[in-house]
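Summary of structural features
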Amino acid sequence: MTILVVGATGLLGRATALALLKDGKRVRAMVRDRARAADLAQAGAEIVEGDLTDPASLERACKGAFRVFAAAHSLLGRGRYSSAQVDHVGHSALIAAALGAGVERFVYTSALGAREDHPIDFFRTKFEIEEVLRESSVPFTILRPSAFMECHVHRFNGQMLLDKGGTFLIGPATKPRNFVAVRDIVPIAVEALVTDILVGRTIEIGGPDNLSNHDVALMYQVRARQGKVRHLPLGVARTLATLVRPFHEGVARVLDIGLVSDDQWPEEFDPRELLAEFPRKQTTVDQFIDERVREWRRSRVGKR
Ligand SMILES: NC(=O)c1ccc[n+]([C@@H]2O[C@H](COP(=O)([O-])OP(=O)(O)OC[C@H]3O[C@@H](n4cnc5c(N)ncnc54)[C@H](OP(=O)(O)O)[C@@H]3O)[C@@H](O)[C@H]2O)c1
């Protein structure tokens, strides 16, 4: 009973694959580069090479799989790996390959706020792939997580303040956003993959806090007692997005995301309904930042 994980080298895919393996499940990890999957192989995963832009590799990866977890994306990609090629064409091909192989469950990672008329193409694509699944005959579950703390609290914000001495926010960055830790998504992904109770459902997943990027930067600054919080004026960000778009659509998209007005794309989430169904002590942004700052202090002691 093999579960195929696509995007197994990513934050959510890797953590879910490892949780499934720990639970004794048989996992096939589809990866572009075996070297990035050494820990998965070590933990007992079958590693197969595959690429969402190569339909034949998807057919090979799905063959004999019983369930598929789709946790890949190319938000920042360009050219052959543009979001249109990977997130739309590639995921449509993955669903077709799963159907062809007789896969009996497809769990798709969409995103909170995905909708047909979203101002950002990536979130429209997520919605379109949800629709492909709803119209297909494969039993599915759709997960719609909010912004991952690992990316949006740390990598794109606090990590720069710790490692580079300052972070750059687009505009005032005061919009309240929901952040969720990957470790709080994994149990729901596992449940969707190993039980039947979530078939046909679209599940919105968010964490306990709605905070702005500016709030987050200040939380790092206070704990680390260092770092500048700088703001890129909206006009400059708009010009940069226009200049960079012909060369790198992924970077332009990230700038666009920071430029969408709050009312066009609310990012708050109330987790009460989620917690009623999946009771769990969720990771707070406060706790998550404490962990990252402690790690950073330890790494500095190690370097002395
Ligand atoms: N991060 C967030 O804040 C967030 C929020 C909401 C929803 N989501 C969704 O959650 C899912 C997981 O996100 P994540 O942050 O865990 O992802 P991630 O860490 O950015 O990893 C992306 C994964 O996709 C794989 N990938 C990219 N292009 C591929 C291709 N052409 N063929 C095969 N694999 C490819 C990458 O493989 P390589 O290692 O080879 O690059 C990697 O394993 C995605 O669907 C994402 O849209 C994420």
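Look up a bit, the structure's there.
My aim in this report is to walk through the structure given alongside it, one point at a time. These figures come from a predicted structure and were not determined experimentally.

Next up on the list: the environment of F69. Along the chain, the position of F69 falls in strand β4 (residues 65-70). Here F69 falls in the buried class, since 30 other C-beta atoms lie within 10 Å of it. Residues F69 and F140, 71 residues apart in the sequence, show an inter-C-alpha distance of 9.9 Å.

The interhelical angle for the contact between helix α6 (residues 149-163) and helix α8 (residues 213-224), taken along N-to-C directions, is 35°, at an axis separation of 9 Å. The hand of the α6/α8 crossing is right-handed. When α6 is examined against α8, the residues V153, N157, G158, L161 and L162 are found in contact with a partner set consisting of N213, V216, A217, Y220, Q221 and A224. Its residues assigned to classes, the contact of α6 with α8 shows 7 nonpolar, 4 polar and no charged.

Another aspect to go through is unusual backbone geometry. Notably, A173 is not glycine yet its phi reads approximately 55°, a positive angle. Tracing the backbone through its elements, the reader meets A173 in the loop between β8 (166-170) and β9 (177-180). Residue R225 is not a glycine yet carries a positive backbone phi of 50°. One can find R225 in the loop between α8 and β12 (228-232).

With respect to topology, 3 strands assemble into an open sheet ordered β7-β9-β11, the strand pairing being mixed. If you trace the sheet from one side to the other, it starts and ends with β7 (147-148) and β11 (209-211), each paired once. Inspection of the sheet shows β7 paired to β9 by 2 bridges, in the parallel sense. Pairing of F148 across the sheet is with V180, part of β9.

Thresholds, definitions, all that
Residues numbered from 1 in each chain as written. Predicted model: local features only at pLDDT ≥ 70, side-chain atom pairs only at ≥ 80, totals over all residues. Helix = DSSP H or I, 4+ residues; strand = E, 2+ residues; numbered from the N terminus. Buried ≥ 20, exposed ≤ 12 C-beta atoms within 10 Å, placed from the backbone. Axes fitted to C-alpha atoms, helices over the stretch in contact; angles between N-to-C directions. Left-handed = near helix turned anticlockwise from the far one by under 90°. Contact = placed C-beta atoms within 7 Å. Nonpolar A, V, L, I, M, F, W, Y, C, P; charged D, E, K, R; others polar. Pairing = 2+ DSSP bridges.

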